[in-house]
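# Understanding the architecture of this molecule
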Amino acid sequence: MAIFVELVGWIGALLILGAYILVSTGRLSGDSAAFQWMNAMGATFFVLNTWWHGAIPSMVLNIIWGCIGFTALWRISRRKGPGGQ
């Protein structure tokens, strides 16, 4: 189980770092669904990892980070309307 939690934590780190790099280099837009998915899932993976390690401040930060990302995704989906338009 410990190896799984560490793997999930590293995947979360790579998702968030990758999202930041892609936005910083102009390959993704900050309001794109891809950027928000990478951040939201990375934060979700971090929540599991930080909970496992008892890092409560980091866990709370990542819960908030994930909520921001999933809220942005919800807004993006509403903006596209029915049928993804």
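Details of the structure are given in the entry above.
Bear in mind the structure is a predicted one, so any value in this text is a computation, not a measurement.

Quick look at the packing of aromatic side chains now. Within this structure, the stated rule accounts for 1 aromatic pair. Ring geometry for Trp 37 and Phe 70: centres 6.0 Å apart, planes at 85°, overall edge-to-face. Of the two residues, Trp 37 is situated in helix α2 (residues 33–53) and Phe 70 in helix α3 (residues 56–80); the sequence distance between them amounts to 33 residues.

On the surface, a nonpolar cluster with roughly 510 Å² of combined accessible area is contributed by Met 1, Phe 4, Trp 51 and Trp 52. In this structure, Met 1 sits in the segment before α1 (2–24).

Attention now goes to α1. Look at α1: 33 Å from first C-alpha to last across 23 residues, which is about the 33 Å you get at 1.5 Å a residue. Within the span of α1, buried status applies to Val 5, Val 8, Gly 9, Gly 12, Ile 16, Gly 18 and Ala 19. The inward-facing, buried residues of α1 contact α2 and α3.

Before going further, it helps to spend a moment on the side chain of Asn 39. If you trace the backbone, Asn 39 turns up in helix α2. On the accessibility criterion, Asn 39 (5% relative accessible area) is buried. Among all residues touching Asn 39, those that are not within four sequence positions of it are Ile 16, Ala 19 and Trp 65.

The topology assignment puts Ala 43 in helix α2. In this structure Ala 43 comes out as buried when scored by relative accessible area, which is 0%. On a C-alpha basis, the gap between Ala 43 and Ala 55 in space is 14 Å, while along the polypeptide they are 12 residues apart. If sequence neighbours within four positions are ignored, Ala 43 has contacts with Ile 16, Asn 62, Trp 65 and Gly 66.

What counts as what
- Residues numbered from 1 in each chain as written.
- Predicted model: local features only at pLDDT ≥ 70, side-chain atom pairs only at ≥ 80, totals over all residues.
- Heavy atoms only, no water.
- Phe/Tyr/Trp six-rings, centres within 6.5 Å; stacked < 30°, edge-to-face > 60°.
- Helix = DSSP H or I, 4+ residues; strand = E, 2+ residues; numbered from the N terminus.
- Patch = residues over 30% accessible without salt bridge, like charges linked within 9 Å, V, L, I, M, F, W, Y side chains within 5 Å.
- Areas by Shrake-Rupley, 256 points an atom, 1.4 Å probe, with all protein chains shown as cover.
- Salt bridge = Lys/Arg side-chain N within 4 Å of Asp/Glu carboxyl O.
- Expected span 1.5 Å × (residues − 1).
- Buried < 20%, exposed > 50% of the residue type's maximum accessible area, 1.4 Å probe, protein only.
- Contact = heavy atoms within 4.5 Å.

Bear in mind that shape data such as this cannot, by itself, settle questions of function.
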